[in-house]
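# Geometric and topological summary
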Amino acid sequence: MNYILSVLLLVFGMSSTMLFDFNSSSSMKNWKVVNDGVMGGLSKGSFVLNAEGHAEFKGRVSLDNNGGFTSIRYDFDKMNIDKKTMIKIRLKGDGKDYQFRIRANSRDYYSYITTFSTSGKWQDIEIKLADLYPSYRGRKLDLPNFSSSYMEGITFLIANKKAEDFKLVLDEISLN
């Protein structure tokens with residue numbers, strides 16, 4: 001029965017590609033925390049597996065020293081995402097807004113981004129790839145929205161223009 005369901009999903013283009021499934025044995029080595037210290041800021045973020053096997057991106061955003069953001073980045077080899085139209089993220093936030101970013105090419109100076117809100121409960125966030133717009137250092141660029149057949153990295157970022165503690169729990173990230 002599972003085989004038949006898998007074949008039907010492939011035939012009708014509804015197959016899903018798992019980018020990351022967080023669990024107690026997940027390797028976090030390709031995830032990197034990038035704080036605003038790269039620009040002189042004092043924000044601090046961390047990214048660890050919790051006791052339940054979910055990833056926790058947590059810390060404090062500081063506005064001191066022209067700061068105001070912290071992020072986690074996952075870079076990987078160029079991945080073909082042709083025929084994929086959506087990112088699905090299973091997460092539990094803290095009621096704050098976060099940015100999700102895709103890097104189509106690691107050599108690009110910009111990312112394709114969107115902002116999503118969290119509710120404090122487990123959510124399935126669905127983001128249409130075509131809705132991601134190009135941005136660099138908080139400025140929208142005069143370029144088309146995401147339309148690449150490839151991607152090389154994803155990022156979660158918090159930058160709400162206020163000093164605040166935050167916590168974003170991630171369960172899984174997939175392409176559909």
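Residues numbered from 1 in each chain as written. Predicted model: local features only at pLDDT ≥ 70, side-chain atom pairs only at ≥ 80, totals over all residues. Heavy atoms only, no water.

## Examining the overall build of the protein
When helices and strands are counted, the protein shows 1 helix and 13 strands. In terms of overall dimensions, the protein is globule-like: its C-alpha atoms have a radius of gyration of 17 Å, near the 16 Å expected for 176 residues. Dimensions of the protein along its principal axes, counting C-alpha atoms only, are 55 × 45 × 30 Å. Within the span of the protein, comprising 176 residues, buried residues form 43% of the whole. The long-range share in the protein, meaning contacts at least 24 apart out of those at least 6 apart in sequence, stands at 72%. Accessible surface for the protein amounts to roughly 10100 Å². Of this, 48% is attributable to carbon and sulfur atoms. (Helix = DSSP H or I, 4+ residues; strand = E, 2+ residues; numbered from the N terminus. Rg over C-alpha atoms; globule rule 2.2 N^0.38 Å. Buried < 20%, exposed > 50% of the residue type's maximum accessible area, 1.4 Å probe, protein only. Contact = heavy atoms within 4.5 Å. Areas by Shrake-Rupley, 256 points an atom, 1.4 Å probe, with all protein chains shown as cover.)

## A few points about the pattern of salt bridges
Counted under the stated rule, the structure contains 6 salt bridges. Among the ionic pairs, lysine 58 bridges to glutamate 56, the shortest N-O distance being 3.2 Å. A residue is classified by how much of its surface remains accessible, and glutamate 56, at 8% relative accessible area, is buried. A salt bridge links aspartate 75 to arginine 73, with the nearest nitrogen and oxygen atoms 3.2 Å apart. By relative accessible area, which is 39% here, aspartate 75 ends up partly exposed. Since its relative accessible area comes to 27%, arginine 73 is described here as partly exposed. Linked by salt bridges that have partners in common, Glu56, Lys58 and Lys167 make up one network. (Salt bridge = Lys/Arg side-chain N within 4 Å of Asp/Glu carboxyl O.)

## Brief notes about the pairing of strand β6 (residues 86–92)
Note: β6 against strand β9 (residues 122–128), 7 bridges, orientation antiparallel. For lysine 92, the partnering residue across the bridge sits in β9 and is tryptophan 122. For β6 and strand β13 (residues 164–175), the ladder comprises 6 bridges, and the chain directions are antiparallel. Following the sheet pairing, arginine 90 is matched in β13 by glutamate 172. (Pairing = 2+ DSSP bridges.)

## Here's the deal with the nonpolar core
Counting 38 residues, the largest nonpolar core has Trp31, Ile87, Ile89, Phe156 and Leu170 as its most contacted members. Broken down by element, this core gets its largest block of residues, 5 residues, from β13. Phenylalanine 156 has contacts with Trp31, Phe57, Thr70, Ser71, Ile72, Ile89, Gln99, Phe100, Phe116, Leu168, Leu170 and Ile173, leaving out every residue within four places of it along the chain. (Core = buried A, V, L, I, M, F, W, Y, C linked by side-chain atoms within 4.5 Å.)

## Here we look at the environment of aspartate 97
For aspartate 97, the location among the structural elements is in strand β7 (residues 97–103). Residue class for aspartate 97 comes out partly exposed when judged on its relative accessible area of 30%. Between the C-alpha atom of aspartate 97 and that of leucine 157, which follows or precedes it by 60 residues, the distance is 9.2 Å. Here the side chain of aspartate 97 touches serine 117 through a polar contact of 2.7 Å, side chain to side chain. (Polar contact = N/O pair within 3.5 Å; in protein donor to acceptor, adjacent residues only side chain to side chain.)

## A look at the sheet that holds strand β12 (residues 150–158)
Pairing is antiparallel in the open sheet, where 7 strands are placed in the order β2-β5-β12-β7-β8-β10-β11. In this open sheet, the two strands that pair with only one neighbour each are β2 (31–35) and β11 (139–140). The pairing of β7 with strand β8 (residues 111–117) spans 6 bridges and is classified as antiparallel. Following the sheet pairing, aspartate 97 is matched in β8 by serine 117.

## Observations concerning the packing of aromatic side chains
Aromatic rings considered in pairs are described by the distance between their centres and by the relative angle of their planes. On inspection of all chains with the given rule, the structure shows 16 aromatic pairs. Here the aromatic rings of tyrosine 109 and tyrosine 110 are separated by 5.1 Å at their centres, their planes lie at 80°, and the arrangement is edge-to-face. Each ring, one from tyrosine 110 and one from tyrosine 112, has its centre 5.6 Å from the other, and the planes form 80°; the classification is edge-to-face. Assessed through its relative accessible area of 14%, tyrosine 110 is described here as buried. (Phe/Tyr/Trp six-rings, centres within 6.5 Å; stacked < 30°, edge-to-face > 60°.)

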